[in-house]
Amino acid sequence: MTAGYTIRRISKDDYEGVIDTLKVLTVVGDVSRRRFEEIVDHWDAVYLHGTSTRQYNPLVVVEDATGQIAATGNIILERKLIHDAGLCGHIEDIAVSKSHQGKRLGKFLIDRLTQLGFEAGCYKIILDCDPKNVPFYEKCGYSKAGIEMQIRR
Ligand code: ACO
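These numbers were taken from a predicted model, which means no experiment stands behind them.

Draft legend 1. Quick peek at unusual backbone geometry. Even without a glycine there, the phi angle at Asp93 is positive, about 55°. As for its placement among the helices and strands, Asp93 is situated in strand β4 (residues 87–96). Within the chain, Arg104 stands out as a residue other than glycine whose phi angle is a positive 70°. On the secondary structure map, Arg104 appears in the loop between β4 and α4 (105–120).

What follows is the structure, given as structure tokens:
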């Protein structure tokens with residue numbers, strides 16, 4: 001871990017920092033503090049059936065000196081029927097705030113989320129990203145697989 005930073009699970013007190021950090025990724029929109037807290041409660045409450053493993057694993061990287069949130073990301077664990085009812089991990093919503101980029105925090109965050117997924121028993125971990133981020137994910141040990149498709153409304 002880069003010196004001067006700590007990684008931990010998101011808490012309900014992280015509202016401003018997380019919303020702000022996510023703005024480097026996409027439009028966050030109108031998410032009230034109350035809605036944020038409800039979502040964090042939901043993430044905390046959902047466990048994989050019959051286990052003590054949480055389905056949602058949202059993390060934040062915090063700058064020790066300021067308490068500022070520098071990065072955030074999540075791994076969601078999906079129970080499948082295939083692969084002997086295996087687990088697939090989905091890495092989502094990775095963002096390192098502008099002033100903290102280039103300090104290896106993104107790589108540390110991905111490494112931690114990946115470790116969390118494999119320790120939970122995932123047979124694979126997948127993510128979608130912009131082509132410009134491919135070299136970053138390759139440095140984190142990921143490789144290209146398939147093509148992302150989507151439908152939106
Ligand atoms: N192109 C090439 N190399 C890169 C890039 C890039 N776009 N970004 C990082 N790297 C390299 C770094 O140079 C470094 O290489 P090194 O180990 O040889 O020195 C290595 O990857 C690790 O870089 P970090 O310092 O950990 O990267 P950073 O903390 O800046 O985080 C990130 C990278 C997450 C892409 C950040 O720039 C960011 O938040 N961007 C905006 C939001 C975004 O695009 N998020 C990803 C969305 S995809 C998803 O959510 C699944």
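Alright, that's what it looks like, and here's the rest.
Draft legend 2. Geometry of the sheet that holds strand β3 (residues 69–79). One open sheet accounts for 5 strands, arranged β1-β2-β3-β4-β5; its pairing is mixed. Single-partner strands in this sheet number two, and they are β1 (5–9) and β5 (122–126). Going across the sheet, the axis of each strand differs from the next one's by a mean of 20°, ignoring polarity. Pairing geometry for β1 and strand β2 (residues 56–63), over 5 bridges, is antiparallel. Its bridge partner being in β2, Ile7 is matched across the sheet by Val61. Helix-sheet contacts for helix α2 (residues 33–45) involve β1, β2 and β3, and the interaxial angle to β2 is about 120°.

Draft legend 3. Quick look at the nonpolar core. Within the largest apolar cluster, 23 residues are counted, with the highest numbers of intra-cluster contacts made by Val61, Ile91, Ile94, Leu109, Ile110, Leu113 and Tyr142. Where this core is concerned, the elements lending two or more residues are β1, β2, β3, β4, α4 and β5. In terms of residues, this core owes the most to one element, α4, which gives 5 residues. The residues contacting Val61, other than those within four sequence positions of it, are Met1, Tyr5, Thr6, Ile7, Gln68, Ile69, Ala70, Ala71, Leu105 and Leu109. Formed by 12 residues, the second largest nonpolar core is a distinct cluster that contains Ile10, Tyr15, Ile19 and Ile69.

Draft legend 4. Expanded view of the packing of aromatic side chains. The tally for this structure, following the rule as stated, stands at 4 aromatic pairs. Ring plane angle 75° and centroid distance 6.4 Å describe the contact between Tyr137 and Tyr142, whose orientation is recorded as edge-to-face. Counting every residue linked through ring pairs, the aromatic cluster contains Phe136, Tyr137 and Tyr142.

Parameters and conventions
Residues numbered from 1 in each chain as written. Predicted model: local features only at pLDDT ≥ 70, side-chain atom pairs only at ≥ 80, totals over all residues. Heavy atoms only, no water. Helix = DSSP H or I, 4+ residues; strand = E, 2+ residues; numbered from the N terminus. Pairing = 2+ DSSP bridges. Axes fitted to C-alpha atoms, helices over the stretch in contact; angles between N-to-C directions. Contact = heavy atoms within 4.5 Å. Core = buried A, V, L, I, M, F, W, Y, C linked by side-chain atoms within 4.5 Å. Buried < 20%, exposed > 50% of the residue type's maximum accessible area, 1.4 Å probe, protein only. Phe/Tyr/Trp six-rings, centres within 6.5 Å; stacked < 30°, edge-to-face > 60°.

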